[in-house]
Amino acid sequence: MRIGIISDTHGSVSAWQDALGGPFERVGQIWHGGDVLYHGPRNPIPDGYDPKKLVDLINACPVPILACQGNCDSEVDQMVLDIALQSPYFLVEHSAGRVLITHGHGYSSAMVESMVQRYKVKIWVSGHTHQPVLERKGGVIFLNPGSPALPKGAPARRSAAVLSPTTIELVDLDRGQVYRRLEL
């Protein structure tokens, strides 16, 4: 099964639709790394900002969504969403091994290392920084899908990721192309 991985949509309907209409077209599940609805006080309002409409789209999405709570997600968000914003992380089993999905704020490198060992994590997924990362360190794959709404970094590119049984790919949403791939 292909899994769409996204984070930091920050209330942007266009960001959500670009992922669903692009790399997530044939996914069987979506994992969201948090900061779903609110843009946050340190961020500008993203293009397509309409949290109410995004709630409707997420609630009506035919693809099952698993999500964790980000630092900009609140109790009010959980009241309107039909999906559970799990906090501070959730674990899933994949053919490549155990996957931990978290928003990623508030973790020291020592804490990450400890959790990877304790939970026997093979893929660590986090958001928060809005900067895409896909790398293997010591037998563990670290993925940040970036942000489709408020990208940061150089170059700042709107992105999401797709996990298949054999690869993880980072996708540039504006160009509609894979720009980084790791074999599992």
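Described in the following lines is the structure provided in the data block. (Residues numbered from 1 in each chain as written. Predicted model: local features only at pLDDT ≥ 70, side-chain atom pairs only at ≥ 80, totals over all residues. Heavy atoms only, no water.)

Some points on the side chain of T102
Summarising the element assignment, T102 is placed in strand β6 (residues 97-102). Polar contacts involving the side chain of T102 include one to the main-chain carbonyl oxygen of P88, which spans 2.8 Å. Within the structure, the side chain of T102 is placed 3.4 Å from the backbone nitrogen of G104, a separation counted as a polar contact. Those residues in contact with T102 that lie beyond four places of it in its chain are G33, C68, P88, Y89, Y107, W124, V125, S126 and G127. (Helix = DSSP H or I, 4+ residues; strand = E, 2+ residues; numbered from the N terminus. Polar contact = N/O pair within 3.5 Å; in protein donor to acceptor, adjacent residues only side chain to side chain. Contact = heavy atoms within 4.5 Å.)

Let's talk about the packing of aromatic side chains
Summed over all chains, the structure comprises 2 aromatic pairs. Ring geometry for Y89 and Y119: centres 5.8 Å apart, planes at 55 degrees, overall tilted. Of this pair, Y89 sits in strand β5 (residues 89-94) while Y119 sits in helix α4 (residues 109-119), and the two are 30 residues apart along the sequence. For Y89, a relative accessible area of 22% corresponds to the partly exposed category. The class for Y119 is partly exposed, based on a relative accessible area of 21%. Measuring from centroid to centroid gives 5.6 Å for Y107 and W124, while their planes differ by 90 degrees, and the two rings are edge-to-face. Taken together, the positions of Y107 in the loop between β6 and α4 and W124 in strand β7 (residues 121-126) put the pair 17 residues apart, joining distant regions of the chain. Comparing Y107 with W124 shows no difference in burial state: the two are buried. (Phe/Tyr/Trp six-rings, centres within 6.5 Å; stacked < 30°, edge-to-face > 60°. Buried < 20%, exposed > 50% of the residue type's maximum accessible area, 1.4 Å probe, protein only.)

Describing helix α2 (residues 51-60)
Within α2 the residues assigned to the buried category are L54, V55 and I58. The arc that holds the buried residues of α2, viewed along the axis, is 105 degrees, so those residues lie on one side. More than 90 degrees from the buried face of α2, the exposed residues found are K52 and A60. Looking at the buried side of α2, the elements it contacts are α1 (13-20), β3 (65-68) and α3 (75-80). (Arc of directions from axis to C-beta.)

Some details on the pattern of salt bridges
Within the structure shown, the criterion is met by 7 salt bridges. Between K52 and D56 there is a salt bridge, and its shortest N-O distance comes to 3.2 Å. In this pair, K52 and D56 are both assigned in helix α2, 4 residues apart and thus about one turn of the helix distant. A residue is classified by how much of its surface remains accessible, and K52, at 57% relative accessible area, is exposed. A relative accessible area of 39% means that D56 is categorised as partly exposed. Between E169 and R181 there is a salt bridge whose closest N-O contact spans 2.6 Å. (Salt bridge = Lys/Arg side-chain N within 4 Å of Asp/Glu carboxyl O.)

A look at the sheet that holds β5
The sheet built from 5 strands is open, its strands ordered β5-β6-β7-β9-β8 with mixed pairing. The strands lining the two open edges of the sheet, one partner per strand, are β5 and β8 (133-137). Neighbouring strand axes in the sheet, compared pairwise and without regard to direction, differ in orientation by 20 degrees on average. (Pairing = 2+ DSSP bridges. Axes fitted to C-alpha atoms, helices over the stretch in contact; angles between N-to-C directions.)

Some words on the sheet that holds strand β2 (residues 29-32)
With respect to topology, 7 strands assemble into an open sheet ordered β4-β3-β2-β1-β10-β11-β12, the strand pairing being mixed. Strand pairing shows two members of the sheet lacking a second neighbour, β4 (85-86) and β12 (177-183), which therefore form its edges. Here strand β1 (residues 3-6) pairs with strand β10 (residues 159-163) via 3 bridges, running antiparallel. Residue I5 lies in a different strand from β10, and its bridge partner there is A161. This element, α1, spans β1, β2 and β3 of the sheet and lies at about 140 degrees to β2.

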